[in-house]
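# Architecture and fold: a report
Spelled out from the first residue to the last, the chains are:
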Amino acid sequence: MGKRNIYKDIVITGVLVLCIFFLAGKAKGWRQAQELCGMSMQSGSDLTAETIAELEKLPGMVLFLPTDVAIGKLELEGYTLETEIMGICLEEYPLQWETAQPQIRLGNTPMLFLGKECFASFQDQYGHAPTKSQIEKWQQEYPQLELTLTDENGHSQSARICGILKSPAAKICMEKVQLQENFGQLSRTRGGYLQIQGRQNAKKAQDLLESAGFQVTEAPILIPDTA
């Protein structure tokens, strides 16, 4: 019986290990190239049709959803918050809900969707934020709350909260058509949601947008409705 060549076995084992690492690296690179990445972007100026057309040419771009914004002041039980309200299409934008009403009926009354962190940004007349217990009470009783919404022209009207958002947690949203109806020319297209295929493409897109003056933050992936 011949003597086993242990050195040959070591070489073969080493080659197999290298092959496994090489294939694993290739598989990881392929997964990263196929991975979908979501991000939201915000501009300090209006997006023109030309700008939107250029955004849609970004490498790996799968989806771009423009969003409208308007400046408003919210008043709630002696507390106020001056904020930017984001107009979105509820059926398209990738929202993550903390809680929401079973049915959302959009009529003449503005219906708001508050990020869960927004309640802490309200202030009373002395500049004090609401207590933790007050915030918890608002979050529990949000369907019954009545707010006053005032636009930049000083026009005020009653508004209600239809849901609390887990993401975006620091934004206040309104259905896009309702925002346009209530704010008219005071609403502007100054941002949007991007979905890009491939981590490298997403990194390049983020660098390009930030170098152009856009604010870019990570956002959830929009999962298609397969029902």
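Residues numbered from 1 in each chain as written. Predicted model: local features only at pLDDT ≥ 70, side-chain atom pairs only at ≥ 80, totals over all residues. Heavy atoms only, no water.

With an omega of 0 degrees, the peptide bond running from Ser167 to Pro168 counts as cis. Among the structural elements, Pro168 can be located in the loop between strand E7 (156–167) and strand E8 (172–175). Positioned with a positive phi, Glu77 is a non-glycine residue whose angle comes to about 50 degrees. Turning to its location among the elements, Glu77 is positioned in the loop between strand E2 (61–76) and strand E3 (79–88). (Helix = DSSP H or I, 4+ residues; strand = E, 2+ residues; numbered from the N terminus.)

Phe122 and Ile172 are the most contacted members of the largest nonpolar core, which has 24 residues in total. Mapped by element, the contributors of at least two residues to this core are E2, E3, strand E5 (111–115), helix H3 (132–140), strand E6 (146–151), E7, E8 and helix H4 (176–183). Leave out the neighbours within four places in its chain, and Ile172 touches Leu74, Leu81, Thr83, Glu84, Ile85, Met86, Leu112, Phe113, Leu114 and Cys118. By size, the runner-up hydrophobic cluster in this structure holds 16 residues, among which are Leu55, Leu58, Met61 and Leu194. (Core = buried A, V, L, I, M, F, W, Y, C linked by side-chain atoms within 4.5 Å. Buried < 20%, exposed > 50% of the residue type's maximum accessible area, 1.4 Å probe, protein only. Contact = heavy atoms within 4.5 Å.)

Moving on, we get to the pairing of E5. With 5 of 5 residues buried, E5 lies mostly within the body of the structure. Neither face of E5 is open: one carries Met111, Phe113 and Gly115, the other Leu112 and Leu114, and all of them are buried. Examined bridge by bridge, E5 and E7 share 5 bridges and lie parallel to one another. Along E7, the bridge assignment pairs Leu114 with Ile164. Here 3 bridges tie E5 to E8, and the two strands are oriented antiparallel to one another. By the bridge assignment for E8, Leu114 is matched with Ile172. (Pairing = 2+ DSSP bridges.)

Quick look at the side chain of Gln42 now. With respect to the element layout, Gln42 can be found in strand E1 (residues 36–42). Here the side chain of Gln42 touches Glu84 through a polar contact of 3.3 Å, side chain to side chain. Excluding its chain neighbours within four sequence positions, the residues that come into contact with Gln42 are Val69, Glu84, Lys171, Arg190, Gly191, Phe214 and Gln215. (Polar contact = N/O pair within 3.5 Å; in protein donor to acceptor, adjacent residues only side chain to side chain.)

In this section: H4. When we look at burial in H4, the residues that qualify are Gln178, Leu179, Asn182 and Phe183. Seen end-on, H4 carries its buried residues on one side only, within an arc spanning 110 degrees. Between the side-chain oxygen of the N-cap and the backbone nitrogen of Val177 there are 2.8 Å, and the N-cap of H4 in question is Glu175. Count one or two residues on from H4 and you reach Gly184, which has phi positive near 55 degrees. (Arc of directions from axis to C-beta.)

Among the surface-exposed residues, Leu36, Val62 and Ile221 lie close enough to one another that they form a single nonpolar patch of about 210 Å² accessible area. Mapped onto the elements, Val62 comes out in strand E2. (Patch = residues over 30% accessible without salt bridge, like charges linked within 9 Å, V, L, I, M, F, W, Y side chains within 5 Å. Areas by Shrake-Rupley, 256 points an atom, 1.4 Å probe, with all protein chains shown as cover. Salt bridge = Lys/Arg side-chain N within 4 Å of Asp/Glu carboxyl O.)

Turning to the state of the cysteines, a few remarks are in order. Tallied over the entire structure, the rule returns 0 disulfides. Free of any disulfide, Cys173 has its nearest neighbouring cysteine sulfur in Cys118, separated by 8.3 Å. Judged by its relative accessible area of 0%, Cys173 falls in the buried class. (Disulfide = S-S within 2.5 Å.)

What follows is about the packing of aromatic side chains. Evaluation of the coordinates by the stated rule reveals 5 aromatic pairs. A centroid spacing of 6.2 Å and a plane angle of 40 degrees characterise the contact between Phe119 and Trp138, whose relative ring orientation is tilted. With Phe119 in the loop between E5 and H3 and Trp138 in helix H3, this residue pair connects regions lying 19 residues apart in the sequence. In this structure Phe119 comes out as buried when scored by relative accessible area, which is 0%. Among the aromatic residues, ring-to-ring pairing joins Tyr79, Phe119, Phe122 and Trp138 into one connected group. (Phe/Tyr/Trp six-rings, centres within 6.5 Å; stacked < 30°, edge-to-face > 60°.)

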